Amino acid sequence: MQALRGTACIITGDLYNTINAKTAHGLVRESQRFQILGIIDTVSAGKDAGDLLDGHHRDIPIESTLDHLLNKCGKTPEYAIIGMATKGGYLPESLYPIIEEVLGRGIDVINGLHQPLSEIQIFKDLSEKNQVHIYDIRKSKPFNELHFWQGKTKDVPALKIAVLGTDCGLGKRTTAKLLTNALNMAGIKTGMIYTGQTGWMQGIQHGFIFDATPNDFIPGELEHAIVSCYEDLKPEVILMEGQASLRNPGGPCGSEFIISATANAVILQHHPARTHFTHLENYPAFIPDPADEIKLIQHLGAPTWAVTLNTSGLSPEEISKNKSRIAASLDIPVVCPLEDGLVEIVELIKTKLISKI
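Residues numbered from 1 in each chain as written. Predicted model: local features only at pLDDT ≥ 70, side-chain atom pairs only at ≥ 80, totals over all residues. Heavy atoms only, no water.

Description of the overall build of the chain
Put simply, the rule reads: Helix and strand labels come from DSSP, where a helix needs a run of H or I of at least four residues and a strand needs a run of E of at least two; each type is numbered from the N terminus. We compute the radius of gyration from the C-alpha atoms alone; for a globule the expected value is 2.2 Å times N to the 0.38, where N is the number of residues. Any residue under 20% of the maximum accessible area for its type is buried, any over 50% is exposed, and the rest in between are partly exposed; the area is computed with a 1.4 Å probe on protein chains only. The contact criterion used is simple: two residues touch if any of their non-hydrogen atoms lie within 4.5 Å.
A count of helices and strands for the chain gives 13 helices and 13 strands. For the chain, the C-alpha radius of gyration of 20 Å lies close to 21 Å, the compact-globule estimate for 357 residues. When the backbone C-alpha atoms are referred to their principal axes, the chain occupies close to 60 × 50 × 45 Å. Residue burial in the chain is summarised as follows: out of 357 residues, 54% are buried. When contacts within the chain are restricted to residue pairs at least 6 apart in sequence, those whose partners lie at least 24 apart make up 74%.

Spelled out as structure tokens, the structure:
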């Protein structure tokens with residue numbers, strides 16, 4: 001599937017203007033694999049996807065139906081991407097008609113949900129009838145392509161930095177991608193390891209899909225991605241996209257990036273207004289304060305070099321207040337990537353590279 005490239009539309013199930021459409025958001029921001037022609041979303045129809053996402057116009061229209069989108073674009077996309085996440089990873093039955101429609105139009109489907117759409121009989125029949133494909137990218141690799149951990153990350157001389165978070169759905173991949181771009185623009189050769197379906201859809205060269213990988217092979221797949229990235233690119237820095245969070249009881253992970261990947265450092269992403277873990281609002285577990293999470297990360301074996309803040313839903317005044325509050329309790333940079341840019345972290349990494357030499 002690495003060869004898949006072309007024009008695409010995105011199906012968001014009317015969730016584009018929510019955090020559940022983070023795959024769509026990532027593709028609107030940047031994709032080297034797909035040229036995004038438009039979004040199908042009834043609730044946000046009539047707007048530009050970039051304007052609605054972050055105020056930057058990108059000439060990606062949002063339309064209420066496939067027909068409206070085709071008329072707007074003047075051409076049929078090669079792919080239709082499922083661009084939102086659902087609880088449990090199932091495709092809602094309310095979206096069956098649009099999937100049937102795109103398959104009937106001869107459009108291949110790229111599915112990042114846990115549920116394999118190619119195994120749903122009605123879609124299987126339509127894909128065969130119209131000679132199109134359904135690509136379920138969250139299926140595990142064949143067994144003979146999986147890797148066990150061998151301890152090779154210790155031999156990778158690049159700085160390995162994990163972008164971890166205090167919760168899931170915080171924008172860890174967005175921060176990692178923005179920082180990768182900023183470091184390369186500053187002349188610091190940097191590679192990125194994707195660990196989710198959106199990173200693959202964006203065309204990032206090295207990585208694997210964390211939650212589509214049998215647990216025994218996650219350390220080895222992570223190691224293989226890092227070693228391959230270094231062998232192919234010879235970067236000075238390798239950034240790793242984290243998944244979920246160390247203490248999220250619904251999906252605790254992150255220690256693999258510190259222990260198996262032998263991360264030299266962590267950048268910690270946090271949303272200052274969240275108190276409960278996503279989808280666990282009624283469970284008595286609370287998102288830790290960044291200072292407390294930094295202690296846990298240090299205990300696992302890596303220093304935290306900076307905290308980055310997700311500021312979605314916050315006013316400028318709330319952003320400033322929370323940033324000052326968190327910075328006062330730490331002795332490391334606290335940065336809002338979308339508002340501040342990442343120059344401060346780029347300069348920090350430059351300093352670390354010099355001291356490493």
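Focus: the UniProt feature "domain: D-glutamate N-acetyltransferase-like C-terminal" (unreviewed entry) in the chain
Condition: UniProt positions are given in the numbering used here, feature names are shortened, and annotations may be inferred rather than shown by experiment.
When the UniProt feature table is mapped onto this chain, "domain: D-glutamate N-acetyltransferase-like C-terminal" (unreviewed entry) is found at residues 147–345. Structurally, residues 147–345 is divided into 36% helix and 17% strand, and its ends, taken at the C-alpha atoms, are 33 Å apart.

Thoughts on the pattern of salt bridges
We apply this condition: We define a salt bridge as a contact between a side-chain nitrogen of Lys or Arg and a carboxyl oxygen of Asp or Glu at a distance within 4 Å.
Across all of its chains, the model carries 13 salt bridges by this definition. For E30, the salt bridge is made with K177, and the minimal N-O distance between the two is 2.9 Å. A residue pair is termed long-range when its members are at least 10 positions apart, and E30 in the loop between α1 (22–29) and β2 (34–40) and K177 in helix α6 (residues 172–185) qualify at 147 residues. In this structure E30 comes out as partly exposed when scored by relative accessible area, which is 23%. Residue K177 is classed as buried on the basis of its relative accessible area, which comes to 9%.

A word on the packing of aromatic side chains
Threshold: Two rings from Phe, Tyr or Trp (for Trp, the six-membered ring) form a pair when their centres are within 6.5 Å of each other. A pair whose planes differ by under 30 degrees is stacked, one over 60 is edge-to-face, and the rest are tilted.
Across all of its chains, the model carries seven aromatic pairs by this definition. Summarising the aromatic geometry, the rings of Y96 and F123 are spaced 5.0 Å apart at their centres and angled 55 degrees between planes, so their arrangement reads as tilted. With Y96 in helix α4 (residues 96–104) and F123 in helix α5 (residues 121–130), this residue pair connects regions lying 27 residues apart in the sequence. Residue classification places Y96 among the buried residues on the basis of a relative accessible area of 19%. By way of ring pairs, the aromatic residues F34, Y79 and W200 are connected into one cluster.

Notes on the environment of N17
Structurally, N17 can be placed in the loop between β1 (6–11) and α1. Since its relative accessible area comes to 51%, N17 is described here as exposed. C-alpha separation for the pair N17 and V43, spaced 26 residues apart in sequence, amounts to 8.3 Å. Setting aside anything within four residues of it in sequence, one finds N17 in contact with S44 and L52.

Things to note about the sheet that holds strand β4 (residues 79–82)
The criterion, for reference: Two strands pair under a simple rule: DSSP has to find at least two bridges between them. In this description, a line fitted to the C-alpha atoms serves as the axis of each element, helices being fitted only across the stretch in contact, and the angle between N-to-C directions of two axes falls anywhere from 0 to 180 degrees.
Spatial strand order, β3-β2-β1-β4-β5-β6: six strands in an open sheet with parallel pairing. At either end of the open sheet lies a strand with only one pairing partner, and these are β3 (62–63) and β6 (134–136). Bridge count between β1 and β2: six bridges; the pairing is parallel. Directly across from I10, in β2, lies its bridge partner I39. Here helix α3 (residues 66–73) sits on the sheet and contacts β1, β2 and β3; the angle it forms with β2, its principal contact strand, is near 130 degrees.

Some points on the sheet that holds strand β9 (residues 206–207)
Spatially, seven strands are ordered β9-β8-β10-β7-β11-β12-β13 in an open sheet, and the strand pairing comes out parallel. Among the strands making up the open sheet, the edge pair consists of β9 and β13 (334–335). Direction of pairing for strand β12 (residues 304–309) relative to β13: parallel, over a ladder of two bridges. Bridging from a neighbouring strand, V307 pairs with V334 of β13.

Some remarks on the environment of N130
Tracing the backbone shows N130 in helix α5. Given the relative accessible area of 27%, N130 is considered partly exposed. For the pair formed by N130 and I82, sequence separation is 48 residues and the distance between their alpha carbons is 19 Å. Not counting the four nearest positions on each side in its chain, N130 is found in contact with L103 and G104.

A word on helix α10 (residues 290–300)
Spelled out, the test is: Taking the helix axis as origin, the arc is that swept by the directions to the C-beta atoms.
Among the residues of α10, P290, E293, I294 and I297 are the ones counted as buried. Projection of α10 onto a plane perpendicular to its axis shows the buried side chains occupying an angular sector of 105 degrees, all on one side. Summarising the geometry of α10, the exposed residues directed more than 90 degrees from the buried face are K295 and H299. Close packing links the buried residues of α10 with β7 (159–165), α9 (255–259), β11 (265–270), β12 and α11 (316–328).

A few points about the side chain of T86
Our working definition: By the criterion applied in these results, polar contacts are pairs of N or O atoms within 3.5 Å in which, for protein atoms, one can donate a hydrogen and the other can accept it, and in which residues neighboring in sequence qualify only through two side-chain atoms.
By the secondary structure assignment, T86 is in the loop between β4 and α4. Side-chain polar atoms of T86 contact the backbone oxygen of Y90, separated by 2.5 Å. Among residues more than four places away in sequence, those in contact with T86 are P92 and L113.

Quick notes on the UniProt feature "domain: D-glutamate N-acetyltransferase-like N-terminal" (unreviewed entry) in the chain
Here, UniProt's "domain: D-glutamate N-acetyltransferase-like N-terminal" (unreviewed entry) annotation points to residues 45–139. Measuring from the first to the last C-alpha atom of residues 45–139 gives 32 Å, for a span that is 35% helix and 14% strand.

Focus on the packing of α4 against α5
Stated formally: When an angle is under 35 degrees it counts as roughly parallel; over 145 it counts as roughly antiparallel; between 65 and 115 it counts as roughly perpendicular; any other value is oblique. Handedness of each helix crossing follows the sense of rotation of the near helix against the far helix: counterclockwise by less than a right angle gives left-handed, clockwise gives right-handed. Three categories are distinguished: nonpolar for Ala, Val, Leu, Ile, Met, Phe, Trp, Tyr, Cys and Pro, charged for Asp, Glu, Lys and Arg, and polar for the others, with Gly belonging to the last.
Contact geometry of α4 with α5 gives a least axis separation of 9 Å together with a crossing angle of 15 degrees. One finds that α4 runs roughly parallel with respect to α5. For the element pair α4 and α5, the recorded crossing hand is right-handed. Residues Y96, I99, E100, L103 and G104 of α4 pack against I122, F123, L126, S127 and N130 of α5. The class makeup of the residues in the contact of α4 with α5 is six nonpolar, three polar and one charged.

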